[in-house]
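What the coordinates show
Single-letter residue listing:
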Amino acid sequence: MRYLDLTLPTLAENLALDEALLDEAESAGDLETLRFWEADHAAVVVGRSSDIAREVRADLCQRDGIPVLRRSSGGTSVVIGPGCLMYAVVLSVTSRPALRAVDEAHKCVLGTLASALCALAPAVRCRGISDLVLGDKKFSGNSLRVKRANLVYHGTILYDFPLPWIDRYLAMPPREPDYRKGRPHAEFVTNLPAPVADIREAIRKAWQADHPCAEWPRERTERLAAERYRE
């Protein structure tokens with residue numbers, strides 16, 4: 001698997017690159033990639049079908065200058081920024097046919113992440129449809145997009161994130177896992193107590209992403225950023 005640790009200058013470009021890597025895999029065949037990036041400022045990223053009026057405190061985002069962008073995958077809205085590691089893994093559903101079933105894709109990716117991170121925090125486990133938790137508190141939310149021959153599975157890993165930002169910029173989600181039990185964001189989320197360098201390395205080893213990626217789809221990323229991910 002290829003390994004790409006790359007944060008681009010703008011949020012639009014970073015969101016576009018995840019989609020561009022999926023498109024590249026569709027064109028090139030079996031081209032699996034693990035990518036990391038991290039935003040240098042707070043932002044809200046909403047799901048492909050998210051209702052911004054229901055999920056986001058848009059008035060506070062506008063007042064504070066917090067951009068709100070829509071990603072290409074499903075799921076509900078998240079707040080990102082410094083202290084929130086973003087990862088994406090592009091996987092071939094041609095060579096991994098079980099992943100065509102969405103529940104199997106969740107099980108595969110989250111299981112791999114949980115096993116990797118248990119070495120850093122033994123209480124890590126999967127809960128709900130697509131969460132990673134410590135005990136009953138969430139530190140990672142995830143979503144996916146499946147195309148003909150590949151999928152991209154991506155998400156957040158909070159490790160040193162200002163948790164009050166989540167309450168400030170997000171409303172309560174329109175749907176929630178049973179284990180949340182109606183708790184507000186402040187009582188539901190936490191940081192993974194591990195250095196980010198260790199988190200990256202544990203995940204890289206778990207996916208056997210041993211081939212640094214020198215080339216990435218620049219033109220496709222720029223085009224997507226301009227057409228679909230404007231800030």
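Right, let's walk through the structure included here. Note that the structure is predicted; figures quoted are calculated from it, not measured.

**Brief notes about the packing of aromatic side chains**
Following the criterion strictly, the structure yields three aromatic pairs and no others. For the ring pair Tyr-3 and Phe-36, a centre distance of 5.9 Å and an interplane angle of 75 degrees mean the geometry is edge-to-face. Pair noted here: Tyr-3 is in strand E1 (residues 2–5) and Phe-36 is in strand E2 (residues 33–37), with a separation of 33 residues, a long-range link. By relative accessible area, Tyr-3 is classed as buried at 19%. Overall, Phe-36 belongs to the buried group, its relative accessible area being 0%. Summarising the aromatic geometry, the rings of Tyr-179 and Phe-188 are spaced 5.4 Å apart at their centres and angled 45 degrees between planes, so their arrangement reads as tilted. Across the pair, Phe-188 and Tyr-179 agree in class, each one buried.

**As for the packing of helix H1 (residues 11–28) against helix H8 (residues 218–228)**
Relative to each other, H1 and H8 sit at 125 degrees, their axes nearing to 8 Å. Here H1 lies oblique to H8, going by the angle between them. For H1 against H8, the interelement crossing comes out right-handed. Along the contact surface, H1 presents Ala-12, Glu-13, Ala-16, Leu-17, Glu-19, Ala-20 and Asp-23, while H8 presents Arg-220, Thr-221, Leu-224, Ala-225 and Arg-228. Its residues assigned to classes, the contact of H1 with H8 shows six nonpolar, one polar and five charged.

**Looking at H8**
Taken residue by residue, H8 has Thr-221, Leu-224 and Ala-225 as its buried positions. With its buried residues spanning 100 degrees around the axis, H8 presents them on a single face. Facing away from the buried side of H8 by over 90 degrees, the exposed positions are Glu-219, Glu-222 and Glu-227. Where H8 is buried, its residues touch H1.

**Here we look at the pairing of E2**
Counting buried residues in E2 gives five out of five residues, a clear majority hidden from the surface. On E2, burial covers both faces: Thr-33, Arg-35 and Trp-37 on one face and Leu-34 and Phe-36 on the other are all buried. With H1 bridging E1 and the parallel E2, this β-α-β connection has right-handed handedness. In the sheet, E2 pairs with strand E6 (residues 84–92) via five bridges, with the strands oriented antiparallel. Paired with Phe-36 across the strands is Tyr-87, a residue of E6.

**Observations concerning the nonpolar core**
The nonpolar side chains of soluble globular proteins are, as a tendency, buried together. Core analysis: the biggest nonpolar cluster contains 33 residues, and Val-44 and Ile-80 have the highest contact counts within it. Sorting elements by how many residues they give to this core places H1 first, with five residues. Apart from the residues lying within four places of it in its own chain, the contact partners of Ile-80 are Leu-11, Trp-37, Ala-39, His-41, Ala-42, Ala-43, Val-45, Met-86, Thr-156, Phe-161 and Trp-165. Formed by 32 residues, the second largest nonpolar core is a distinct cluster that contains Ala-105, Leu-113, Ile-203 and Trp-207.

**Considering the sheet that holds strand E4 (residues 68–70)**
Spatial strand order, E4-E3-E5: three strands in an open sheet with mixed pairing. Two strands close off the open sheet at either side, each with one partner strand: E4 and strand E5 (78–80). Direction aside, the axes of adjacent strands within the sheet are offset by 30 degrees on average. Relative to E4, strand E3 (residues 43–46) is paired through three bridges, and the arrangement is parallel. Residue pairing for E4: Val-45 is matched across the bridge by Leu-69. Here H1 sits on the sheet and contacts E3, E4 and E5; the angle it forms with E4, its principal contact strand, is near 15 degrees.

About the cut-offs
Residues numbered from 1 in each chain as written. Predicted model: local features only at pLDDT ≥ 70, side-chain atom pairs only at ≥ 80, totals over all residues. Heavy atoms only, no water. Phe/Tyr/Trp six-rings, centres within 6.5 Å; stacked < 30°, edge-to-face > 60°. Helix = DSSP H or I, 4+ residues; strand = E, 2+ residues; numbered from the N terminus. Buried < 20%, exposed > 50% of the residue type's maximum accessible area, 1.4 Å probe, protein only. Axes fitted to C-alpha atoms, helices over the stretch in contact; angles between N-to-C directions. Parallel < 35°, antiparallel > 145°, perpendicular 65-115°, else oblique. Left-handed = near helix turned anticlockwise from the far one by under 90°. Contact = heavy atoms within 4.5 Å. Nonpolar A, V, L, I, M, F, W, Y, C, P; charged D, E, K, R; others polar. Arc of directions from axis to C-beta. Right-handed = clockwise from strand over helix to strand, strands pointing away. Pairing = 2+ DSSP bridges. Core = buried A, V, L, I, M, F, W, Y, C linked by side-chain atoms within 4.5 Å.

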